[in-house]
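Take a look at the letters that make up each chain.
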Amino acid sequence: MEKVVNLCKRRGFVFPGSEIYGGLGSSLDYGPLGVELKRNVKDAWLRAVVTGRDDVVGIDAAIIMHPGVWEASGHLAGFTDPLVDCKSCKQRFRADDLQGPRCPACGGELTESRQFNLMFKTFVGPVEDTAHVAYLRPETAQGIFVNFRNVVETSRLKIPFGIAQIGKSFRNEITPGNFLFRTREFEQMEIEFFVRPGEDDSWFEHWRDERLRWYSRLGLDPEHLRVRPHGGDELAHYAKACCDIEYRFPFGWAELEGIANRTDFDLRRHAGASGKDLSYFDEERRERYLPYVIEPSAGADRSTLAFLVDAFDEDEIEGETRVVLRLHPQLAPYKAAVFPLLRKDGQPERARRIYDALRREFPVDYDQAGSIGRRYRRQDEVGTPYGITVDHQTMQDGTVTVRDRDATTQVRIPEDRLVEELRTKIGQLG
Ligand code: ATP
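Residues numbered from 1 in each chain as written. Predicted model: local features only at pLDDT ≥ 70, side-chain atom pairs only at ≥ 80, totals over all residues. Heavy atoms only, no water.

1. Some details on the site of the ligand
Taken together, the neighbourhood of the ligand is formed by 15 residues, with Glu173, Arg182, Thr183, Glu255 and Leu256 sitting nearest. Note that an oxygen atom of the ligand is positioned 2.9 Å from one of the side-chain N or O atoms of Arg171. One nitrogen or oxygen atom from the side chain of Gln188 is found 3.2 Å from an oxygen atom belonging to the ligand. For the ligand, whose free accessible area comes to 590 Å², the fraction covered by protein is 82%. Judged by the fraction of its atoms near the pocket grid, the ligand is located in the largest pocket. Looking at the shell around the ligand, the elements with two or more residues in it are β10 (185–195), β13 (252–263) and β16 (292–299). For the shell around the ligand, the residue count by class is 4 nonpolar, 5 polar and 6 charged. (Near = heavy atom within 4 Å. Polar contact = N/O pair within 3.5 Å; in protein donor to acceptor, adjacent residues only side chain to side chain. Areas by Shrake-Rupley, 256 points an atom, 1.4 Å probe, with all protein chains shown as cover. 1 Å grid on protein atoms, 1.4 Å probe; cavity = no way out; pocket = protein on both sides within 12 Å on 5 of 7 lines; lining within 4 Å. Sits in = over half its atoms within 2 Å of the grid points. Helix = DSSP H or I, 4+ residues; strand = E, 2+ residues; numbered from the N terminus. Nonpolar A, V, L, I, M, F, W, Y, C, P; charged D, E, K, R; others polar.)

Written out as structure tokens, the structure reads:
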């Protein structure tokens, strides 16, 4: 984990937030390469669950919603963690994380646990009174439920169908940590998939299997993935079934994504609180019902961390240790890098021309600084799958070498076949 954190800082994937002010506990900023990686994760998710299907559409709802939403959803009353304080060292802990009755840091006596609401509170407008209280959303899901009727009325979707959303969520976590794993501000990728009651169990299985496959298709080692069904005592009161897709992080198995059968709980609550009819008329069956909901809820930052950790590797090449990120080409920030072997004989100009042509198709880097070996290593470390070198022979016959990051082997191909070749290697991005 430490090696991944260091690499992230050194190569501009993730920086400590507000660093020049000494940082702010567990607030993290994505740098130039990190922002590309995370966007590729989100794009891959969108392709898999929205644009690649004909039964899911996207929305982008506001972060600050009507406070009534959180009352109806149960977050105001129940979105809490049990908090305890150490009477000696004053550190705070989540009571459900503790192994024993005493402070894990100093062994001191702990206070009784009290419920702590995780929602960030703010005020809308200039008056700071209770009538103007609002919350930063702790999940994106509710933005979907409150738009259910809008989507039904404005699209021709028929149940079963889903609404998906990517966006920031905020939780005032008592114990954030483990780098990108748990922060107070993070991005979620959520789907609410509406089905006819009675068809919910098979859709639950569909989404559990689909989502598990997504992670391994994008490169996570299947040995590092597992599905953990929730036991009866762990199930939220509104959920009929729930499971977590877990990843074996360096600090242990932990949740990447939760998949829940939420029944008609949310639509029922919002219908009751808003007074609006949120039922659905099934024209084929001539029946009206409140749909059940299957919710696959993933974290963009958590999955980015899992992809980074799984991709991280060290091997030995020509007697030297090499750090390599074996990222799936679809996730890699750069798909290729172009190098002139020498900084003379017209090679840099030729390489730049190739770089300019490739850049119109994919994110590509250009590097002419230092030995070619060092340049390869620099790209290996950030996961660039292909290295294209312009050399003496290029100037004679128009061929370039293409080096594979993982195998470190090279093939020579005509320059004018590069785009097509890379497109095949990287796979369809669309
Ligand atoms: P945990 O038990 O780890 O707190 P949770 O069960 O409360 O998570 P959900 O409410 O199911 O999490 O949220 C869905 C997904 O959102 C999680 O699987 C995770 O990927 C992501 N997520 C939740 N909280 C955080 C956080 N504080 N930081 C980063 N990602 C988060």
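2. Side note on the layout of surface pockets
Reported here for the largest pocket is a volume of approximately 1600 Å³. Lining the largest pocket are 50 residues, with Phe79, Arg94, Arg171, His230 and Glu255 positioned closest to its centre. When contributions to the lining of the largest pocket are tallied by element, the ones reaching two or more residues are α4 (75–78), β4 (80–85), β10, β12 (241–249), β13, β16 and α9 (300–311). The leading source of residues in the lining of the largest pocket is β13, at 9 residues. (Points joined across faces, edges and corners; volume = space filled by probe spheres on them.)

3. Examining the packing of aromatic side chains
The final tally for this structure, using the stated rule, is 17 aromatic pairs. The interplanar angle of 80 degrees and the centroid separation of 5.4 Å between the aromatic rings of Phe339 and Tyr376 together place this pair among those described as edge-to-face. Separated by 37 residues along the polypeptide, Phe339 in strand β19 (residues 336–340) and Tyr376 in helix α11 (residues 372–381) bring together distant segments of the chain. Assessed through its relative accessible area of 9%, Tyr376 is described here as buried. The interplanar angle of 45 degrees and the centroid separation of 5.5 Å between the aromatic rings of Tyr355 and Tyr366 together place this pair among those described as tilted. With a gap of 11 residues between them, Tyr355 in helix α10 (residues 347–359) and Tyr366 in strand β20 (residues 364–366) connect regions that are remote in the sequence. Tyr366 carries the same exposure label as Tyr355, and that label is buried. Put simply, the rings of Phe145, Phe148, Phe161 and Phe194 touch in pairs and so form one group of aromatic residues. When the ring centre of Trp214 is taken as origin, the NZ or CZ atom of Arg211, which lies over that ring, is 4.4 Å away. (Phe/Tyr/Trp six-rings, centres within 6.5 Å; stacked < 30°, edge-to-face > 60°. Buried < 20%, exposed > 50% of the residue type's maximum accessible area, 1.4 Å probe, protein only. Lys NZ or Arg CZ within 6 Å of the ring centre and 35° of its normal.)

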